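Per-entry structural report
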Amino acid sequence: MLGFVIQRLGQAFVVMFCTSILVFVGVYAIGNPIDVLISPDATQEIRDQLMTRYGFDLPLYQQYFGFVDRLLHHDFGTSLVFNIPVTELILNRLPATLELTLVAVLGAALIGIPLGMYAGYRPAGAPARIIMALSTVGFSVPTFWIGLVLIFTFSVTLGWLPAGDRGETVRFLGADWSVFTLDGWRHLLLPAANLALFKLSLMIRLARAGTRELMLTDTIKFARASGQSEWTLLRRHVLRLISIPLVAVFGLELGSTLAFAVVTETIYSWPGLGKLIIDSIFSLDRPVMLAYLILVAFLFIVINLLVDISYAALDPRLRRKA
Amino acid sequence: MTPLLEVTDLATHFLTRAGAMKAVDGVSFQLAPGQVLGLVGESGSGKTVTGFSLLRLIEPPGRIVRGAIRFEGQDLAALDERAMRRVRGKRLSMVFQDPMMTLNPVLTILQQMTLALRAHGRLPLPRIKDRCVEVLTLVGIPGAAGRLDAYPHEFSGGMRQRVAIAIALLHEPSLIVADEPTTALDVSVQAQILAEMRDLVGRLGTSLIWISHDLATVSSLADRIAVMYAGRIVEQGPTSQLLRRPRHPYTRGLLDSLPSRTPPGRELPHIPGMMPSLLALPPGCAYAPRCPRADARCAAAPEPTALGAVVLRCHHPLEASAS
Amino acid sequence: MIRESTPWGRFWKEFRENRVAVAALAVVAAMVLLALFAPWVAPQDPYDLASLNLADARKPPGFMGADGYSHWLGTDAQGRDLLSAILYGLAISLQVSLTAGVIALGLGATMGVSAAFVGGRTEAFLMRIVDLQLSFPALLLALLMAAIFGQGRSELTVALVAAQYAYFARTAHGAAVAERSKEYVEAALSIPLRPRTVIFRHILPNCMSPLIVVATIQVAHAISLEATLSFLGLGLPPTEPSLGMLISNGFQYMLSGRYWISIFPGIALLVLIVAINLVGDQVRDQLNPRLTR
């Protein structure tokens, strides 16, 4: 197992390396890299300053090393719009996105998997059909549309929940989190539900499909033949077996959730990374865009790594492949 | 002596879109304690469904539509699911064909055996381990204590099947139903497992129903053989009698087509035609279309009749002389 | 009936048994037809600026406009008849998504099957790229491409294709790998047939089943993706309002109670996607070999 982890870590590093080259090349391919860092209407003097500072007059490979060096020192430049270091900006916004995404993802898993398993266990029954119908809708509806409906129903019409912004926060580990306050939850509920819906539907469908397939296998029949109760079958056999594909999809969808957080944060004016990137795209705040890109790439590599490791942890048949 | 198992007129039908598939249609047999019954037939004859029916493992759209399964004083066909669960695995267990499919690939052997043991009562872990090592050694797995934490894929095919058999033996059942347990294994391993099972059954006094399509395999193990065709038992009786003096034309045909019975170089005899679809069984004897002895009388389905030690469904039994 | 014995016939017969799926298929067909014939069916041409009357702007459903039209679904901020705008928007959404989807299918399938056929390092390399891309969410990819390349129909199509081809490539590759070790491939190659012929006329058709499954998912996905991008303002330019853009334009009015400007296009989008998914569900269930009992 350890060998497997080390091997995967090594691969992750290689990928990160390749990604850094890709990003580097990409930045150059779009145009003058200077333009990524400074506003187009900066004076020539500032341009020259930056050119020397970032070594744009140096040969390419040296620039690459400078690039990597800056990466490792978290130096992404300064935001053109906010005028503070990009790193600081991103770190400020990160907790908001994190708590939104985590609440959404956990909610989707904790609700979706049991519902899906039930629907797969008794696929012909009325509750199963209702669950599947709802999951089809949840799966089909674009996130932003659900956001609309949710705001319209719960904020405008019923007035139960606020239509945007984050709630009160509490300082914890050096950052501000709103999950610790009741007001925070009032504000968190709608956007999290919005974000969770797609994943919830996906979890339901996957759990249902996996359960339905498994219930027909000899493994389950054999376990039943030894007298094990249906509950044991579901909990100890089916759940364990479907967790393999579920984890894989879960992990991959984590990235997708991060992506859709962009939409959700825009609709609910949630002060997170997603809103930041959209604003940056429109205001052409290129340093922020670049930093976001690198951050996301890094995050994906990490997620992939974790999924790979979980996969091997859950499926003993994979552990041999070292 | 009261039979351990008495099946009377068992019928299991599958209600599909295309009609009722009569997989098992009026099967009756008995089994004494410690006896081995070989249930033989080609694919689709209903032998596997019979096995599953005994353990009440038939799922919709299948249903046991009539019949009784008297086992240790209870009619299994009439039990509710909770009561049946108490019987399954404890008094009556099953071994399936392909151990790679029946063992859960993500759980260790110990975990799976624990689940099977705990299905019928709480046991502390040390006792569980002891029992597991005991049965694993019984079925011929060397160094069992050290292999408890292994996964199924770490065993060879034969070993896996032994593990499955061990699981079936955990609660010392009085009857084991084995559905083609050696078919998925290598030929050399087949013979091994066969011999081991014969030995085990003799030692433990467990009754065994061995389901197979291969008459040859079964004949070395079974005390009695029942031959199934199109959902019915056409002939059943003591093994030696059935093999030497088969009374049903189908049994005769099966025996004649065994490679061991034909001298090398001669063409292998076979039964012409195919078994009818279970959705559209002819009204009379199901074998009639393929039978060289069929005539007008065969338009009426033959009922089971006793001819000496053999029970037969045939209007034209073969002569009671040596083949 | 002779018809039932063809694979198509059997497929359709089983399909017919699920009434929900049939209804969904009818809905999809109706919407596609409406979109196709939008210029003739729509009561008003929403692009004809001359016919717009600002005084009629933001009027509720059922309003009788100054030009004699009855605006069944109300009007939007510019006085456009919402029903017409929805029909045209539907047409644009469908056009862009289907074009991108078909191109992605073609590109991805060719890539996947070819990679499986060629084998070796090339195959590993190509599939690694595909895998990497698959783990990257389509939305982010499309977002970034839109950010880099700007707005416009062809740019959007490129972004959509880039975001989607990987699914097809991966599926096609998986299916092709299973096929290439089968004997008919060896036989075809030993005739000898050119590799290109073997790929396109032998292997690819046998991979169609899983590809259709992925296609049914991707069609709805593409429509959703396009709508999302347009909603965020990164998709089509405002002169070609797809459903997503219509929804976006009307968002601000929702909080003041003029819900119809956003909700009705939203309902149209929702119905389209749900219907496609329902049909897709049935198709997938039927094509799934592991569920055949």
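Points about the overall build of chain B
For chain B, the count of helices and strands is 10 helices and 12 strands. Computed over its C-alpha atoms, the radius of gyration of chain B comes to 20 Å, within 12% of the 20 Å expected for a compact globule of 323 residues. Its C-alpha atoms put chain B at 65 × 50 × 45 Å along the principal axes. Taken across its 323 residues, chain B has 45% of its residues classed as buried.

Some thoughts on the overall build of chain A
Broken down by element type, chain A carries 12 helices and two strands. Reading the helices (α) and strands (β) of chain A from amino to carboxyl end gives α-α-α-α-α-α-α-β-β-α-α-α-α-α.

Some words on the sheet that holds strand β7 (residues 175–179) of chain B
The strands making up a sheet are joined through hydrogen bonds of the backbone, oriented either antiparallel or parallel. Residues and elements named next belong to chain B. Ordered in space as β6-β7-β8-β3-β9-β10-β12-β11, the eight strands form an open sheet in which the pairing is mixed. Strand pairing shows two members of the sheet lacking a second neighbour, β6 (92–95) and β11 (305–307), which therefore form its edges. Within the sheet, the average angular offset between the axes of one strand and its neighbour, ignoring direction, is 20°. The sheet contact formed by β7 and strand β8 (residues 207–212) spans five bridges and is parallel. Within the sheet, the bridge partner assigned to D179 lies in β8 and is I211.

Looking at the environment of D75(B)
Residues and elements named next belong to chain B. With respect to the secondary-structure elements, D75 resides in strand β5 (residues 74–75). Exposure remark for D75: the 13 C-beta atoms within 10 Å place this residue in the partly exposed category. Linking D75 and M100, residues 25 residues apart in sequence, is a C-alpha distance of 32 Å. Leaving out residues up to four positions away in the same chain, D75 has contacts with A68, I69 and R70.

As for the sheet that holds strand β1 (residues 5–16) of chain B
Residues and elements named next belong to chain B. An order of β2-β1-β4-β5 is seen for the four strands of this open sheet, with the pairing classed as antiparallel. Of all strands in the sheet, those with a lone pairing partner are β2 (19–31) and β5, marking the two edges. By the bridge criterion, two bridges tie strand β4 (residues 62–71) to β5 in an arrangement that is antiparallel. Its bridge partner being in β5, F71 is matched across the sheet by Q74. Along the sheet face, helix α1 (residues 47–54) touches β1, β2 and β4 and points at about 70° away from the line of β2.

Overview of the confidence of the model for chain B
On average, residues of chain B score 88 in pLDDT, and 98% of them are at 70 or above. Reported confidence for the predicted complex is 0.87 by ipTM and 0.78 by pTM.

Considering the interface of chain B and chain A
Listed as interface residues are 23 residues of chain B and, on the opposing side, 21 residues of chain A. Elements supplying a minimum of two residues to the side of chain B that touches chain A: β6, α3 (99–102) and α4 (109–118) of chain B. Here the residues of the side of chain B that touches chain A sort into 13 nonpolar, six polar and four charged.

Quick look at the nonpolar core
Of all hydrophobic cores here, the largest spans 249 residues; its most connected members are W210(B), V227(B), I86(C), V113(C), A142(C) and F168(C). The element that contributes the greatest number of residues to this core is helix α4 (residues 82–118) of chain C, accounting for 20 residues.

Comments concerning the packing of α4(C) against helix α9 (residues 195–206) of chain C
Residues and elements named next belong to chain C. The N-to-C vectors of α4 and α9 enclose an angle of 115°; their axes lie 11 Å apart at closest approach. In this structure, the crossing between α4 and α9 has a hand that is right-handed. Residues A109, V113, S114 and F117 of α4 pack against P195, I199, I203 and L204 of α9. Looking at side-chain class alone, the contact of α4 with α9 contains seven nonpolar, one polar and no charged residues.

Re the interface of chain A and chain C
Taken together, the contact between chain A and chain C spans 29 residues of the former and 30 residues of the latter. Counting residues per element, the ones that place at least two in the side of chain A that touches chain C are α6 (126–140), α7 (143–157), α10 (230–268), α11 (273–283) and α12 (286–314) of chain A. Among the elements that take part in the side of chain A that touches chain C, α10(A) stands out by supplying eight residues, more than any other. Looking at side-chain class alone, the side of chain A that touches chain C contains 21 nonpolar, seven polar and one charged residues.

Examining the environment of W185(A)
By secondary structure assignment, the location of W185(A) is in helix α8 (residues 182–215). As a C-alpha pair, W185(A) and P162(A) span 23 residues in sequence and 11 Å in three-dimensional space.

As for the pairing of β6(B)
It is a general feature of regular strands that their side chains alternate between the two faces of the sheet. All names here are of chain B. Taking every second residue as pointing to the same face, both faces of β6 are buried, with L92 and M94 on one and S93 and V95 on the other. The pairing of β6 with β7 spans four bridges and is parallel. Paired with L92 across the bridge in β7 is L175.

Quick look at the packing of helix α6 (residues 138–149) of chain C against helix α7 (residues 153–180) of chain C
Two quantities define a packed helix pair, namely the angle between the helix axes and the distance between the axes. Residues and elements named next belong to chain C. Packing of α6 against α7 brings their axes to within 9 Å, and their N-to-C directions diverge by 150°. By the criterion of interaxial angle, the relationship of α6 to α7 is roughly antiparallel. In this structure, α6 crosses over α7, and the sense of that crossing is right-handed. When α6 is examined against α7, the residues A138, L141, A142, M145, A146 and F149 are found in contact with a partner set consisting of E155, L156, V158, A159, L160, A162, A163 and Q164.

Observations regarding unusual backbone geometry
That bond from P60(B) to P61(B) is cis: its omega, 10°, falls within 30 degrees of zero. Backbone geometry at S269(A) places phi at a positive 50°, although glycine is not the residue there. Here S269(A) shows up in the loop between α10 and α11. Phi is positive for R56(B), which is not a glycine, with a value near 55°. Looking at where R56(B) falls in the secondary structure, it is placed in the loop between α1 and β4.

Structural notes on the arrangement of the chains
Considering every one of the two pairs of chains in contact, the largest contact total is recorded for chains A and C. Between chain B and chain C there is no contact, and the shortest C-alpha to C-alpha separation is 10 Å.

Some points on the pairing of β2(B)
Bridging between β1(B) and β2(B) involves 10 bridges; their strand directions are antiparallel. Looking at β2(B), one finds that H13(B) is bridged to K22(B).

Structural notes on helix α5 (residues 125–138) of chain B
Residues and elements named next belong to chain B. Taking 1.5 Å per residue as the helical rise, α5 with its 14 residues ought to reach 20 Å, and the 20 Å between its terminal C-alpha atoms agrees with that figure. Taken as a whole, α5 has its buried residues at C132, V133, V135 and L136. Buried residues along α5 sit in contact with α4 and α6 (157–169). G140 sits one or two residues past α5 and shows a positive phi near 95°.

Quick word on the environment of P249(B)
Residues and elements named next belong to chain B. Checked against the element boundaries, P249 lands in helix α10 (residues 249–256). The sequence separation of P249 and P292 amounts to 43 residues, and the corresponding C-alpha distance is 8.1 Å. Apart from residues lying up to four places away in sequence, P249 is in contact with Y287, C291, P292, R293 and L318.

What to know about α6(B)
Residue and element names in this part refer to chain B. Its 13 residues give α6 an end-to-end C-alpha distance of 19 Å, which sits within 8% of 18 Å, the value for a rise of 1.5 Å per residue. A large share of α6 lies buried, amounting to 12 of its 13 residues. What α6 keeps buried is the set G158, M159, R160, Q161, R162, V163, A164, I165, A166, I167, A168 and L169. Where α6 is buried, its residues meet β6, α3, α4, α5, β7 and α7 (187–204).

Cut-off values and rules
- Residues numbered from 1 in each chain as written.
- Chains lettered and ligands numbered in written order.
- Predicted model: local features only at pLDDT ≥ 70, side-chain atom pairs only at ≥ 80, totals over all residues.
- Helix = DSSP H or I, 4+ residues; strand = E, 2+ residues; numbered from the N terminus.
- Rg over C-alpha atoms; globule rule 2.2 N^0.38 Å.
- Buried ≥ 20, exposed ≤ 12 C-beta atoms within 10 Å, placed from the backbone.
- Pairing = 2+ DSSP bridges.
- Axes fitted to C-alpha atoms, helices over the stretch in contact; angles between N-to-C directions.
- Contact = placed C-beta atoms within 7 Å.
- pLDDT = per-residue confidence, 0-100.
- Nonpolar A, V, L, I, M, F, W, Y, C, P; charged D, E, K, R; others polar.
- Core = buried A, V, L, I, M, F, W, Y, C linked by C-beta atoms within 7 Å.
- Left-handed = near helix turned anticlockwise from the far one by under 90°.
- Parallel < 35°, antiparallel > 145°, perpendicular 65-115°, else oblique.
- Expected span 1.5 Å × (residues − 1).

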